[in-house]
Amino acid sequence: MESYWSQDILALVTTLKVALVSTLILLVIGTPLAWWLAKLQSRWRVLIEALIALPLVLPPTVLGFYLLIAFSPQHLPGQWWQSVTGQQLAFSFSAIVIGSVIYSLPFVVQPLQKAFEQLDHSLLDSGATLGAGPLDRFWHIILPLCKASFITAATLGFAHTVGEFGVVLMIGGNIPGETRVLSIALFDHVEAFDYARAHLLAFSLLIGSIAVLALVYLFNFSEQKQQGLSNQSRQMP
Amino acid sequence: MTVLNLGVRCQRRSFALNIDQQFDLTGIHGIFGHSGSGKSTLLRCISGLEKSGTGQIIWQNRTLLSTADKCFVAPEKRHIAHVFQRSCLFPHLTVQENLDFAIKRRVTNNIPIDEIIELTGLQPLLASKVTLLSGGEQQKVALARAILFEPELLLLDEPLSALDRQNKRQLLALIKRAHMHYKIPMLYVTHSIDELQQIATHMSVMENGQIKLTGAIHNVIHQLNNSAMIEQQTSLSLTIAPQEAKAGGLTPLLFHNTVADSVEQGNVITKDNVTVKDNVTVKDNVIGKDSVLDIDKGGEQDVNTKLYMLTSNIGEYALQHQALRCFIMASDISLCTQEPSNSSIVNQLRGNIIAIDINEHQALVTVSVNGHPFYASISAFSVNTLDLAIGQIVFIQFKASAIQTLLK
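Because the structure is a prediction, the values reported are computed rather than measured.

Each value, and the rule that gives it
- Residues numbered from 1 in each chain as written.
- Chains lettered and ligands numbered in written order.
- Predicted model: local features only at pLDDT ≥ 70, side-chain atom pairs only at ≥ 80, totals over all residues.
- Heavy atoms only, no water.
- Helix = DSSP H or I, 4+ residues; strand = E, 2+ residues; numbered from the N terminus.
- Buried < 20%, exposed > 50% of the residue type's maximum accessible area, 1.4 Å probe, protein only.
- Contact = heavy atoms within 4.5 Å.
- Areas by Shrake-Rupley, 256 points an atom, 1.4 Å probe, with all protein chains shown as cover.
- Buried area = accessible area lost by both parts, 1.4 Å probe.
- Salt bridge = Lys/Arg side-chain N within 4 Å of Asp/Glu carboxyl O.
- Polar contact = N/O pair within 3.5 Å; in protein donor to acceptor, adjacent residues only side chain to side chain.
- Nonpolar A, V, L, I, M, F, W, Y, C, P; charged D, E, K, R; others polar.
- Core = buried A, V, L, I, M, F, W, Y, C linked by side-chain atoms within 4.5 Å.
- Phe/Tyr/Trp six-rings, centres within 6.5 Å; stacked < 30°, edge-to-face > 60°.
- Lys NZ or Arg CZ within 6 Å of the ring centre and 35° of its normal.
- Pairing = 2+ DSSP bridges.
- UniProt positions renumbered as here; feature names shortened; annotations may be inferred.
- Axes fitted to C-alpha atoms, helices over the stretch in contact; angles between N-to-C directions.
- Patch = residues over 30% accessible without salt bridge, like charges linked within 9 Å, V, L, I, M, F, W, Y side chains within 5 Å.
- Parallel < 35°, antiparallel > 145°, perpendicular 65-115°, else oblique.
- Left-handed = near helix turned anticlockwise from the far one by under 90°.

1. Details of the overall build of chain B
Item 1. Looking only at helices and strands, chain B features eleven helices and 20 strands.
Item 2. Per-residue burial over chain B gives 56% buried out of 408 residues.
Item 3. By sequence separation, contacts in chain B at least 24 residues apart represent 71% of the contacts at least 6 residues apart.
Item 4. Only carbon and sulfur atoms are counted for the fraction: they give 48% of the accessible area of chain B, which is about 17,800 Å².

2. Things to note about the interface of chain A and chain B
Item 1. Each partner contributes to the interface: chain A provides 22 residues, whereas chain B provides 25 residues.
Item 2. Where chain A abuts chain B, roughly 1,900 Å² becomes buried across the two surfaces, and 62% of that area is made up of carbon and sulfur atoms.
Item 3. For the pair chain A and chain B, the number of links is four salt bridges.
Item 4. Linking chain A to chain B there are ten residue pairs in polar contact (both at pLDDT 80 or more).
Item 5. Broken down by secondary-structure element, the contributors of at least two residues to the side of chain A that touches chain B are α6 (121–129), α7 (134–145) and α11 (195–235) of chain A.
Item 6. Of the residues in the side of chain A that touches chain B, the class split is eight nonpolar, nine polar and five charged.

3. Points about the nonpolar core
Item 1. In terms of nonpolar packing, the biggest core is built from 100 residues, with F32, I147, L154, Y188, M203 and L224 of chain B touching the most fellow members.
Item 2. For this core, the leading source of residues is helix α5 (residues 93–118) of chain A, giving twelve residues.
Item 3. Counting residues in hydrophobic clusters, the runner-up holds 30 residues, among them L253, M309, A318 and V394 of chain B.

4. Structural notes on the packing of aromatic side chains
Item 1. By the definition in use, this model includes nine aromatic pairs over all chains.
Item 2. With a centroid separation of 4.5 Å and an interplanar angle of 50°, the aromatic rings of F90 of chain B and F101 of chain B are classed as tilted. Taken together, the positions of F90 of chain B in the loop between β7 (80–83) and α2 (95–104) and F101 of chain B in helix α2 put the pair eleven residues apart, joining distant regions of the chain. Here F90 of chain B matches F101 of chain B in class, with each residue buried.
Item 3. Aromatic pair F255 of chain B and F374 of chain B: ring centres 5.4 Å apart, planes at 75°, arrangement edge-to-face. Taken together, the residues span a long stretch of sequence, with F255 of chain B in strand β13 (residues 250–255) and F374 of chain B in strand β19 (residues 372–379) at a distance of 119 residues. Assigned by exposure class, F255 of chain B and F374 of chain B land together as buried.
Item 4. Among the aromatic residues, those joined into a cluster by ring pairs are W35, F116, F138, W139 and F150 of chain A.
Item 5. One Lys or Arg, R78 of chain B, reaches over the ring of F72 of chain B and ends 4.9 Å from the middle of that ring.
Item 6. Its end group placed over the ring of F90 of chain B, R145 of chain B keeps NZ or CZ at 4.7 Å from the ring centre.

5. Section: the pairing of strand β4 (residues 54–59) of chain B
Side chains on a regular strand alternate between the two faces of the sheet.
Residues and elements named next belong to chain B.
Item 1. Bridge analysis of strand β1 (residues 3–11) against β4 gives six bridges, and the strand direction is antiparallel. Its bridge partner being in β4, L4 is matched across the sheet by W59.
Item 2. When β4 meets strand β5 (residues 62–66), the two strands line up antiparallel, connected through four bridges. Bridging across to β5, I58 finds its partner in T63.
Item 3. Where β4 hands over to β5, the hairpin turn is made up of two residues, of which Q60 adopts a positive phi near 50°.

6. Quick word on the sheet that holds strand β2 (residues 16–24) of chain B
Residue and element names in this part refer to chain B.
Item 1. Taken together, the five strands give an open sheet; going across it, the order is β2-β1-β4-β5-β6, and neighbouring strands pair in antiparallel fashion. Two strands close off the open sheet at either side, each with one partner strand: β2 and β6 (71–72).
Item 2. The sheet contact formed by β5 and β6 spans two bridges and is antiparallel. Within β6, the residue paired with L65 across the bridge is F72.

7. Focus: helix α7 (residues 217–224) of chain B
Item 1. Of all eight residues in α7 of chain B, seven are buried; the element is thus mostly enclosed.
Item 2. Listed as buried for α7 of chain B are I217, H218, N219, V220, I221, H222 and L224 of chain B.

8. Quick word on the UniProt feature "transmembrane region" (unreviewed entry) in chain A
Residues and elements named next belong to chain A.
Item 1. The UniProt record annotates "transmembrane region" (unreviewed entry) at residues 20–38, 50–69, 89–109 and 195–219.
Item 2. Measuring from the first to the last C-alpha atom of residues 50–69 gives 23 Å, for a span that is 90% helix and 0% strand.
Item 3. Across residues 89–109, helical content stands at 81% and strand content at 0%; the span's end C-alpha atoms are separated by 26 Å.

9. Regarding the side chain of T405 of chain B
Residue and element names in this part refer to chain B.
Item 1. Mapped onto the fold, T405 is located in the segment after β20 (393–398).
Item 2. At a separation of 2.9 Å, a polar atom in the side chain of T405 contacts the main-chain carbonyl oxygen of R325.
Item 3. Among residues more than four places away in sequence, those in contact with T405 are R169, Q198, M309, N313, L324, R325, C326 and F327.

10. Some thoughts on the sheet that holds strand β18 (residues 362–369) of chain B
Residues and elements named next belong to chain B.
Item 1. Strand order in the open sheet formed by five strands is β16-β20-β17-β18-β19, and the pairing between neighbours is antiparallel. Edge strands, defined here as strands with exactly one partner in the open sheet, are β16 (334–336) and β19. Averaged over all adjacent pairs, the angle separating strand axes in this sheet is 45°, with direction ignored.
Item 2. For strand β17 (residues 347–359) and β18, the ladder comprises seven bridges, and the chain directions are antiparallel. By the bridge assignment, N352 is partnered in β18 with S368.

11. Focus on a nonpolar patch on the surface
Residues and elements named next belong to chain A.
Item 1. Side chains of W44, L47, L51, L54, L56 and V57 sit close together on the surface and give an oily, nonpolar patch of about 640 Å² of accessible area.
Item 2. Considering the arrangement of structural elements, one finds W44 in helix α2 (residues 44–57).
Item 3. Taking the relative accessible area as the measure of exposure, W44 reaches 55% and is therefore exposed.

12. Description of the packing of α6 of chain A against α7 of chain A
All names here are of chain A.
Item 1. For the pair α6 and α7, the least separation of the axes is 10 Å and the interaxial angle reads 155°. One element, α6, and the other, α7, form an angle in the roughly antiparallel class. For the pair α6 and α7, the sense of crossing is right-handed. Across from L123, L124, G127 and A128 in α6, the residues of α7 making contact are R137, I141, I142 and L145.
Item 2. Each residue belonging to the contact of α6 with α7 can be placed in one class, and the counts come to six nonpolar, one polar and one charged.

Pasting the structure below:
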């Protein structure tokens, strides 16, 4: 009984680890990607946007299947990984992180890209003529102005990774402490007809998701309210 | 001399910027032109925000752009501040934090922060969010922020066009003060000739991406009188007459003869061909440049050299400096072939006609008073009726209220 509990706790820890690492990677990759797309004026933009949005419509198992093949030691990405790290990529923690990053990419890139497109670029011009270089402008103008979108992007990326099932099932297997995440644990409980445990896990995931989303919406709402107020007073004579 | 050397090309959809010009930025240099003439693009090339510009830009012996040498200095390394029509304040920061943004990044440290805050009157607003400020206040913060950056050159791109008259006046005075106090070279772009007339010492006129005309402010304005670009006017630098008592709400002013030389180029001021009407009392029988100027040089306070202006129209700034820029609309000046008497019109100056430009039913008559040109717009009908001719002695007259100024 006790080990049952600790198994679920372990799955929770693994899930949080995967989600946290994925979110960090997503922000690091997604920010420049979103910036580049927001400024891109080539007709290739539509194609790249469609590629990034693909995980939104593609069945996760399809993505997982192709990733599994790519990660296997018989194929180039898997081979390359093995020669660099000395470990097999498929069925590893790294594999589900990579899978999660690809799968959650649109959830991070899309809100950021939208924010960057709406950003008043004359503010960046203004900053540049006041001596602020590109990084300086990012930290002190872009980041604070797009704070809400960054929080939305990070939360969506995190939550989506936590809820991820199909891809992880295909490429992660079910190794406790390595690739056994909450959604897989839940599936196991259901398969074993252990509905009590399944209920507990499902319910905690549900509550957790609602709490996270509520926090994000609350934050965005208060930001909007603040901006709305200032807009109103600006219009006053 | 503070020199900006430009040889810039930049292709745009509606025009091609093509400028080869040396700007003397000892005073404020104005760039005048209608929207779409390329003024803003030119400024963006100078500050480096426009990256598609080619050619070369040399500011005070420092090369900022040289396409031939593949040299492009990034805008953040140029130390050229740029104030835009919209204030472009950082909305996530307070007024104080906006100013701090510039202060943290400045390279020199000569302009005292408190002094600028006092000059701009921003003290009570320092803690406010910039989004809560009025348009005038926002622009004031933008100007203060740019000055506190201590730029080597300040580019002002239509900084006042979104403001009402009251705010315009305040900010113009502020810009002029900042220029006088801190000697920041300024390039001021606008489509409003009034603003330039008040603060610029030199100006250039832009059209279709090219500079059509450049020179001393009054000269260029007077040359524009014959284009359709501005309202016809006389542009003057005036000094408040020192020992004179102000009476009845009027202030006597003396005008400088700063533009005399260039105006008289190509225009013959006749000495011989002068018809002196019988009932006109003139000191000398020979009227011409020399004799009129003699009166001035002799220090004799001839009635003709003085102008009267409504004291209420003279601002605090002008009183402080005892000098002001004024303009008189050509439609406010009338001509008389005889010395007018018993008139309520206080300004009556004797001069001679140096040019008459007739455009359909309207005529622009240039009258030289002590070598200074005055422009009167009268009907072609009057030109005929009065039988006006070049070289003729006339009296121009205008009300005290016709002398206008923007700076208060």
